[in-house]
Every structure is written in C-alpha cells, then in structure tokens.
Amino acid sequence: MGLLDGMLGNASKIDAAKVQQEFQQILAPGERVEHAYQLIRDYFVFTDKRLVLVDKQGVTGSKVEYHSIPYKSVTHFSIETGGTFDMDAELNIWISGAAAPFKKQFNKKLSIYEVQSVLAAYVLR
C-alpha cells in the first residue's frame, strides 16, 4: 500500500497468515482469519466467524480497539465501483441497531468484488 493511498482513505489487502498470528489472543478457539485489509494503521479482518474492525489509537498506535461484529448483525451491504474520474470503490455495511453504514474505500489495486464476495459468503449463510 502506498502512503498516498493510505492518506486518501484507501484500503489494501494484507497477508491473512500474518494477521492470524497477531490476533491469537482475541480469536476464539478454532477461529481463523480469512481476509484482511489495511487503512494506514487501522485494518479490518474477515474471520470465518465475524468481522473485526481494528482501530489503532494515539501517536504510537500502542492503544488498540478491537470491534467485533458477528456476521448475523449485518443487515445489508452495498458496493459502489469506481468510475472514469472517481476511481475509488466503496463498501457500505449496515449493522443492526446503527442508522449509518460502516464505510470503507478501496483503491483500484484491490477488487471490491472480492471483498463483497467474502462478506456475502458469511452474511448469506
């Protein structure tokens, strides 16, 4: 991921095996990381059981919030593909009990269709 992409709010795919090791303390027994995407210091992770939003806080990023969303809490989601002038794609996820969707932008290096497919596979079970 380039620094400019991160500054503009774009997410890029990161290695799931690396995240699996880093998440050992918060994963349930037998839970595994399937996909992970990074946005500057923050990232979000699709496991086989839930979506985990990771918010690294402070100057050093040593304070970390892990926000877990069970897939059954996702009420609906949408994607918006990039166009000619606006090349960024966007993923919107509505969570039960929240009025506004959770939004993430993706650069053209990452397929929004892949991310949507991963989310759909878990939400539509």
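Before going into details, it helps to say that this report is about the structure given with it. Given the structure is predicted, the values throughout are model-derived calculations rather than measurements.

**Side note on the overall build of the chain**
No. 1: Across its full length, the chain carries 3 helices and 8 strands.
No. 2: Traced from its N-terminal end to its C-terminal end, the chain shows the element sequence α-β-α-β-β-β-β-β-β-β-α.
No. 3: If you take every contact in the chain between residues at least 6 apart in sequence, the share linking residues at least 24 apart comes to 36%.
No. 4: As displayed, the chain offers around 7400 Å² of accessible surface, 54% of which is attributable to carbon and sulfur atoms.

**Details of the side chain of His-35**
No. 1: Residue placement: His-35 occurs in strand β2 (residues 33-39).
No. 2: At 3.4 Å, the side chain of His-35 forms a polar contact with the side chain of Lys-13.
No. 3: Once you skip the residues sitting within four places of it in the chain, His-35 turns out to touch Lys-13, Ala-16, Phe-44, Val-45, Phe-46, Glu-114 and Val-118.

**Quick notes on the pattern of salt bridges**
No. 1: All chains considered together, the criterion is met by 4 salt bridges.
No. 2: Arg-32 is the salt-bridge partner of Asp-48, the closest N and O atoms lying 3.2 Å from each other. With Asp-48 in the loop between β3 (42-47) and β4 (50-57) and Arg-32 in the loop between α2 (16-22) and β2, this residue pair connects regions lying 16 residues apart in the sequence.
No. 3: Residue classification places Asp-48 among the buried residues on the basis of a relative accessible area of 12%.
No. 4: Here the salt bridges do not stand alone but share partners, grouping Arg-32, Glu-34 and Asp-48 into one network.

**A few points about the side chain of Asp-48**
No. 1: A polar contact of 2.9 Å, which involves the side chain of Asp-48, links it to the backbone nitrogen of Arg-32.
No. 2: Setting aside anything within four residues of it in sequence, one finds Asp-48 in contact with Gly-30, Glu-31, Arg-32, Glu-34, Tyr-71, Tyr-122 and Arg-125.

**Overview of the pairing of strand β8 (residues 102-106)**
Successive side chains on a regular strand alternate, one facing one side of the sheet and the next facing the other.
No. 1: Burial along β8 is one-sided: Phe-102, Lys-104 and Phe-106 are buried, while Lys-103 and Gln-105, pointing the other way, are not.
No. 2: Counting the residues in the hairpin turn of strand β7 (residues 89-95) and β8 gives 6 residues, including Gly-97, whose phi is positive at 90 degrees.

**Side note on helix α3 (residues 112-123)**
An α-helical turn contains 3.6 residues, so any two residues separated by three or four positions project in the same direction.
No. 1: Here α3 is 12 residues long and its end C-alpha atoms lie 16 Å apart, about the 16 Å a rise of 1.5 Å per residue gives.
No. 2: Where α3 is concerned, the buried positions are Ile-112, Val-115, Val-118, Leu-119, Ala-120, Tyr-122 and Val-123.
No. 3: On its buried face, α3 sits against β2, β3, β6 (74-80), β7 and β8.

**Observations concerning the packing of aromatic side chains**
No. 1: Taken as a whole and judged by the stated rule, the model has 7 aromatic pairs.
No. 2: Their ring planes at 85 degrees and their centres at 6.1 Å tell us that Tyr-37 and Phe-46 sit as a pair that is edge-to-face.
No. 3: Judged by its relative accessible area of 0%, Phe-46 is buried.
No. 4: Where Tyr-71 meets Tyr-122, the ring centres are 4.7 Å apart and the plane angle is 10 degrees; that geometry is what we call stacked. One end of the pair, Tyr-71, is in the loop between β5 (63-70) and β6; the other, Tyr-122, is in helix α3, and 51 residues separate them in sequence. For the residue pair Tyr-71 and Tyr-122, the accessibility class agrees, reading buried in each case.

Procedures and definitions
Residues numbered from 1 in each chain as written. Predicted model: local features only at pLDDT ≥ 70, side-chain atom pairs only at ≥ 80, totals over all residues. Heavy atoms only, no water. Helix = DSSP H or I, 4+ residues; strand = E, 2+ residues; numbered from the N terminus. Contact = heavy atoms within 4.5 Å. Areas by Shrake-Rupley, 256 points an atom, 1.4 Å probe, with all protein chains shown as cover. Polar contact = N/O pair within 3.5 Å; in protein donor to acceptor, adjacent residues only side chain to side chain. Salt bridge = Lys/Arg side-chain N within 4 Å of Asp/Glu carboxyl O. Buried < 20%, exposed > 50% of the residue type's maximum accessible area, 1.4 Å probe, protein only. Pairing = 2+ DSSP bridges. Expected span 1.5 Å × (residues − 1). Phe/Tyr/Trp six-rings, centres within 6.5 Å; stacked < 30°, edge-to-face > 60°.

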